[in-house]
Each structure stands twice: as structure tokens, then as C-alpha cells.
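# Survey of secondary and tertiary structure
So the chains spell out like this:
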Amino acid sequence: MSKIDEFALVLQEDVRLLSEANGLSMEEAFFARVSDTITGSGEVDLLEYFHHRGTTQSGIRVDGWGGDPKRGGELTLFVVDHADNNDAPTLTGTELNSLFKRPLRFLKAALDEGWRNRLEETSPGFELSEMISARWKSIQKVRLLLVTDRKLSSRVDGREMTDFHDRKVSYSVWDINRLARIEGSSLAREEIVVDLEEHGGSLAVLPAHMPNSPYAAYLAALPGAVLASIYERWQARLLEQNVRVFLQARGNVNKGIRNTIEEAPEMFFAYNNGITATAEAIEIEDRDGIPTLTKITNLQIVNGGQTSASIHAASRAGKDLSNIFVQMKLSIVDAERAEKIVPDISKFANSQNRIAAADFFSNHPFHVRMEEISRRIFAPAREGQFTQSRWFYERARGQFADLRSRLTPAQRRKFDLEHPRPQLFTKTDLAKAEMTWRKRPEIVSLGAQKNFAHFAHQIGKEWDKNEAAFSEEWFRNAVTKLLVFRKTERIVSDAASTWYTGGLRANTVCYAIAKLVHDLDEEKLSLDLQKLWLMQDISDVLIDALDQYAEVMHMHLLAPPTGGSNPTEWAKKKACVDSALAQEVELRSDLTDLVVGVEETRSRSASGKRDQLMINGIQAQTKVVEVGAVGWEDLKAWAQKTSMRLTPAEAGILEAATRIRHKPLSEAQAIRAIAVLKRASASGFAPKERT
């Protein structure tokens, strides 16, 4: 069986589990399963499921939208083609044309006021068409996506852009091959390949590394128009390695940069610090003795995102960039080392804020610890079951499938019992539940990628402040929060026959939980996550409470201020949260047996930190022994040779580590020794290989 066929079977199983667990149609469950993959690829920031199907004669259909028309000037509409059959015929060009016509017909109808007025005001189709009508003047591009579990015919190699009401329309297909390719990639990204000839021309560069150095770097004066063109094509994907920029600089125009562009463009190179960038590979040609850069693979701007976004914004505003040049420092880091080195470059290049460097990366210590705990501890068996199981944290895309595929059939059966697929969760799943519990539903409503960026930013700062807080206790609580989140999704879906009107399910879920958490906080109480962890389920009493809160929040979201934004946009605003949390909700259920006081919660957290500190010490002692006395001697010699800065205490511990065969280090000493080792490794130290 091919890898594509294996992926298709796993995807089919995932979709059915999602459908059963959350009460979704198979089509919506398919969309829910793959939407994070699509947004994670960087092609679109956010995808909202808004299904509308017209009459057979009208040919109108749309399944949702994405992008940010107000800020980015681009509207994305998508349709879902879900066959749920691995033997389904390939998708032909004729079918493709027919499928793409449906959202275009919806778009045309959405601009017709009479058609909009005939729709039911609470329907997703009405909200989406109202948004399109209100934003139409700011929309400059339209992107149509087709999401399908079929294979696109090899005879279809693309589709040229067309025009609609003076807007360019582009077409994109996410078929089973593309989904499998992206999810099979450890970075879950398609390559960024910048052909400079397509963006204004090749670039003369100055090598800035020694001939025999393992590290390559170049300096260049990058024309502003070229930078603007590159940013126009990839935008936020260029900033993935820079959390601060990803959160703050998306399209924002820095006033100082803007003034220089408008008033003194010839001084831009002198006034601006330029950009620091990395790439996994480049192509350089010798042109008349001058090294000339022609192609860049997987370009990342790790410092200078404000500069890049501001120049792009100036270009979009029609400003003259012909006299603008930007200093660029480009470091070449191969794919194998990118996840380790690029975060360090990002951290040290960004002097404006100290942010945990690898917030976006699967090898950040937070993610590594969560993975380690998830592989080690078992969840209690549910009532009526005898088998304990684990919640599998997938810190890098595809870990679960990759690990499972390397097992024998007998091992795989054991693995499946210990790691049920419904208990698989990713970084974005964790971020969604945690940010909801932090009472930030407006951030969760921004979509998986933006929410994860905010989550990573907060966790990075908290990790630097007190990494011991992220203990087994923290992990169990986080998983329990996710369990409650998923159960609430099902509660909302099941309410379709009573209060749930359809649409806004994700927003309703996060607002309902955030409101309940807030109301308990006001009473100095919180849900007893320890008890829920032991149950691995939620009781009928909590189901009733969540159903009640979800109904109230759903009605709140459906009633944005008069003259304000539509419900989806309303859900993303802080004012929506403030208004929601201020509402009075009189609980119909008694949660007495499911809550604990704030002092008990603090006591459990403190106990978890103490346990984690002990684990850290044991792990550090183990690592010290693994390095061995000879390895520590190598580090001592390297530190002396490179004049590495060591405090007297660190020098003493390093000396003691060279004698561990006679006397082991204490836990505290081992922790400090490993910290020195990590610092040295980041600066280029590597123990000598010995046979």
C-alpha cells in the first residue's frame, strides 16, 4: 500500500471519529480535520465553516471563507468535495470547473441586496453574504479553494487567474496528495522558493564567512521594491520564526519607517537597521566576477519584520520605492539544523524584546517536556473499562502516524490500545483549550494559527520565569481542559434541535467555557480538574451547566451591537468578551461536588512544581553521566580555548564534572552543569567523537 493510500485510510478514520464524537456531518468533520493543515501551511490565516447551498437550479454553494478582507484586502471562499471513499475516481478538469463555479455564483449573489434580504437572518449564508457586501470595496483579490479527499487528475496542472468585478480571482486545490505531502512534512509547510528574477532581479551579495567555515552568511543591499514584492507573495509565512513580529507587525506601518519612506527615501539605508534573514539554501551565480544571488529557499525574516511589513504597506499605498534600499544579513542554515539554529538567530537578533526564541518550534523545551510527559504517564481507565491509556501529544506534525507505521502488526494493536486516536492532540489543540481557560475567547476566535502565536508568546515568557511550573500536574490539567473543550463541542452540536442555530460553534464553545471559568473565579472557585482527570469524562451536572452557558453565549454572539460587525467578527473583539463576562447567568445545576477553592488549586500547583524540580534534578544527573568525564574534559578545554565566560561557581562545577567517576554531582550541581553545556553547544561546542 502506498503512503498516500495509508494516509487516506487514516484520514478517513479520523473524520469518522470526529463526526461521531462531535455530532458533525461527515463533510464538516472532514473540513475540521484538515483545516489546521491548510492554515498551518500559510496559504490562508483562518478558515471559517459557513455552509450555504442554494437550489439545484441556482448552482450556488459555498462552505466557508477565510482571510482578512478588512486588513489584507483578500477574500477566500472554499468548497468541500468529500467522497469518503478511497476508491473514488480522480477529480477531472471538468468537475473542477463545475465546483469552482459554485462559490463564484454565491459571490455574485452576495452582492445582490435583494438576494441577501431573502435569506434567513440567522443563517450562515446571510452572515457571510452581509460580510462580503460590507467589505467589498476593500477586497482587492478573491481566492477560491477546493478541499477534497479525492486525487486531482494528473492532467490538471493548474488554472489561470480570472477576473470578477475588476478583482483578480485565483484558484487552489487541496486534494489528498497535497494534504498527505504537507502532513508528511515535519514542518507542515510547503517550501518558500524565492526566484529573485520574478521579483525585480537578482542581487549582488558580499560573502561574510570564512572559506572553510561550516556557516555561510552574506550581506546585500535589497531594493525596497524587491522586498515589497517578496512580502506580497508570502507575507506572514516569512515571519514564522519571529513571534514578536508575527503578533505585532502584520501589515502595521511603523510611523518612523513610513516617514523615512515618504520624506527621505535616499536615507533609508542609513537610518534603518535592515533585516536579518535565514534560508535553508540559495543559488549564486558568478556574473563578471560578482557573486549574484538568484534564488532563496525557505527564506525567513527573523528580525526586521516591522521594516518588511511597513515597506510592503507603502508599496500597496502606491508610494515610490525606487530610492529605497534595505540592508540584509542572510544566514544559510540547512534543513536538518534549521529548527535548532534559526530560533537562536531570531532570539539574538531581536533585541527589542526578550522572547522565548523557539516559541513556534517543536523543539522548544516546553513542547519537548509535554511530549515526554505524554509518553510517560497513563490516564485512569474510564468507568466500565479496564485498560489505561495515554494522551499522545504530537509536538511535530506526523509523529503519531510515523511512530505507528514503524511497528509490527502485534505492536500496532498494543499501541492503538494504549494511544486511542481520539486522545491524540496537537500544539494548536493545546493552545485552543489553554487560551479558552485563560478567558481569551476573542483570541481563540482568531483561528488556530493566530491563537497559537499568542499562546506561544505567553508560554515562552512563563517558561523563562519558572519552567518548573510546567509539571505533570500542569499537563494533566491541560489535557482535562482539552477534554472539557471537546465535550462542549459535542454539547453544542447536540443542541441543534433546541437552541443551537448552526454556525459559530467554535466561538460558542470557547465563550461558554471562558464565561463559566470567569464566574467560578468570581466566587474564588475553579473546576476540580483533578477529579475530572480521574473520571476522564464530565458528569451530567457539568454537561447541563455547559449547555446552559453555551446557549447564553450563542445568543450573545448572534446579537452584535447595532451597526457593528457581524457575529463572526464580533466574536474576535475584546468588547465582545467584556460584554459576555458581564452577563448574569443563574446556574440551573449544582456544581458543588465539581469545584475546589483557590487555595487548594494553588497547593496542587506548588506540589506539581516541587515534583518537577525533583524530576529536573534526576534528569540532569542522568545527562551528566551520559556526557561522561571525558566529555566534560572536552568542554573544559573548549571553554578555556574560546575564553567562554564562566562564573567561579560554574568553573568549579565544570571541574567537578570531570571527576564524576569518583564523586557524582548533586542535583543542583548537575542542573547548573547542563546549563553550561547548553550554552556552549549554542556557541558551537560539540564533544569529540570517540570510537
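In short, a report on the structure. What you see is a predicted model, and the numbers here were worked out from it, not measured in a lab.

### A look at the pattern of salt bridges
- Overall, the coordinates contain 44 salt bridges when judged by the stated rule.
- A salt bridge links Glu472 to Arg476; the nearest nitrogen and oxygen atoms lie 3.4 Å apart. Linking Glu472 with Arg476, this pair stays in helix H20 (residues 472-494), spanning four residues, or about one helical turn.
- Residue Arg476 is classed as partly exposed on the basis of its relative accessible area of 24%.
- A salt bridge links Arg604 to Asp528; the nearest nitrogen and oxygen atoms lie 2.8 Å apart. On the criterion of sequence distance, the pair formed by Arg604 in helix H26 (residues 598-642) and Asp528 in the loop between strand E18 (525-527) and helix H22 (529-535) is long-range, its members being 76 residues apart.

### Let's talk about the pairing of strand E10 (residues 216-223)
- Where strand E9 (residues 206-207) and E10 come together, two bridges link them in antiparallel fashion. In the strand pairing of E10, Pro207 is matched with Tyr218.
- Pairing geometry for E10 and strand E15 (residues 325-332), over eight bridges, is antiparallel. Bridging across to E15, Leu222 finds its partner in Val326.

### So, the sheet that holds E10
- On the basis of which strands lie adjacent, the open sheet formed by five strands has the order E9-E10-E15-E11-E14 and mixed pairing. Every interior strand has two partners, whereas the edge strands, E9 and strand E14 (300-303), have only one.
- Packing of helix H8 (residues 224-234) onto the sheet brings it into contact with E10, strand E11 (275-279), E14 and E15, and relative to E10 it is tilted by some 105°.
- The sheet contacts of helix H12 (residues 305-316) involve E11, E14 and E15, and relative to E14 the element is tilted by about 120°.

### Looking at helix H14 (residues 365-376)
- The first and last C-alpha atoms of H14 sit 16 Å apart over twelve residues, in line with the 16 Å expected at 1.5 Å per residue.
- Buried within H14 are the following residues: Phe366, His367, Arg369, Met370, Glu371, Ile373 and Ser374.
- Buried residues along H14 sit in contact with strand E16 (392-394), helix H15 (399-405), helix H17 (427-437), helix H19 (448-465), H20 and H26.

### Points about the sheet that holds strand E4 (residues 141-148)
- Reading across the sheet, the six strands line up as E1-E2-E3-E4-E6-E5 and stay open at both edges, with mixed pairing between neighbours. Edge strands, defined here as strands with exactly one partner in the open sheet, are strand E1 (47-53) and strand E5 (162-164). In this sheet, neighbouring strand axes are inclined to one another by 30° on average, regardless of whether the strands run parallel or antiparallel.
- For strand E2 (residues 61-66) and strand E3 (residues 74-81), the ladder comprises three bridges, and the chain directions are antiparallel. Directly across from Gly64, in E3, lies its bridge partner Phe78.
- Packing against the sheet, helix H4 (residues 93-110) makes contact with E1, E2, E3, E4, E5 and strand E6 (167-174), and its axis sits at approximately 135° to E4.

### Brief notes about unusual backbone geometry
- The residue His165 is not glycine, and still its phi comes out positive at about 50°.
- Of note, His165 is situated in the loop between E5 and E6.
- For Lys439, which is not glycine, the phi dihedral falls at a positive 65°.
- Positionally, Lys439 belongs in the loop between H17 and helix H18 (441-444).

### Here's the deal with the state of the cysteines
- Under the definition given, this model contains zero disulfides.
- Its sulfur unpaired, Cys510 is 9.3 Å from the next cysteine sulfur, which belongs to Cys576.
- A relative accessible area of 0% means that Cys510 is categorised as buried.

### Quick word on the packing of aromatic side chains
- On inspection of all chains with the given rule, the structure shows 19 aromatic pairs.
- With a centroid separation of 4.9 Å and an interplanar angle of 10°, the aromatic rings of Phe31 and Phe78 are classed as stacked. You can see Phe31 sitting in helix H2 (residues 26-40) and its partner Phe78 sitting in strand E3, a full 47 residues away along the chain. By the burial criterion, Phe31 is buried, and Phe78 matches it.
- Aromatic rings pair up to connect Phe366, Phe452, Phe455, Trp463, Phe470 and Trp474 into one cluster.

### Digging into the packing of H14 against H19
- Running from amino to carboxyl end, H14 crosses H19 at an angle of 90°, the nearest separation of the two axes being 10 Å. Classified by the interaxial angle, the pair formed by H14 and H19 is roughly perpendicular. Residue-level inspection shows Pro365, Phe366, His367 and Arg369 of H14 in contact with H19, the latter providing Phe452, Phe455, Ile459 and Trp463.
- Residues belonging to the contact of H14 with H19 are distributed by class as follows: six nonpolar, one polar and one charged.

### With respect to the pairing of E1
- Burial analysis of E1 places five of its seven residues in the buried class, the great majority of the element.
- Bridge count between E1 and E2: five bridges; the pairing is antiparallel. Within E2, the residue paired with Arg53 across the bridge is Arg61.

### Notes on the side chain of Arg33
- With respect to the helices and strands, Arg33 occurs in helix H2.
- Side-chain polar atoms of Arg33 contact the side chain of Asp14, separated by 2.9 Å.

Analysis parameters
- Residues numbered from 1 in each chain as written.
- Predicted model: local features only at pLDDT ≥ 70, side-chain atom pairs only at ≥ 80, totals over all residues.
- Heavy atoms only, no water.
- Salt bridge = Lys/Arg side-chain N within 4 Å of Asp/Glu carboxyl O.
- Helix = DSSP H or I, 4+ residues; strand = E, 2+ residues; numbered from the N terminus.
- Buried < 20%, exposed > 50% of the residue type's maximum accessible area, 1.4 Å probe, protein only.
- Pairing = 2+ DSSP bridges.
- Contact = heavy atoms within 4.5 Å.
- Axes fitted to C-alpha atoms, helices over the stretch in contact; angles between N-to-C directions.
- Expected span 1.5 Å × (residues − 1).
- Disulfide = S-S within 2.5 Å.
- Phe/Tyr/Trp six-rings, centres within 6.5 Å; stacked < 30°, edge-to-face > 60°.
- Parallel < 35°, antiparallel > 145°, perpendicular 65-115°, else oblique.
- Nonpolar A, V, L, I, M, F, W, Y, C, P; charged D, E, K, R; others polar.
- Polar contact = N/O pair within 3.5 Å; in protein donor to acceptor, adjacent residues only side chain to side chain.

Remember that the coordinates give geometry; whether it matters functionally is a separate question.
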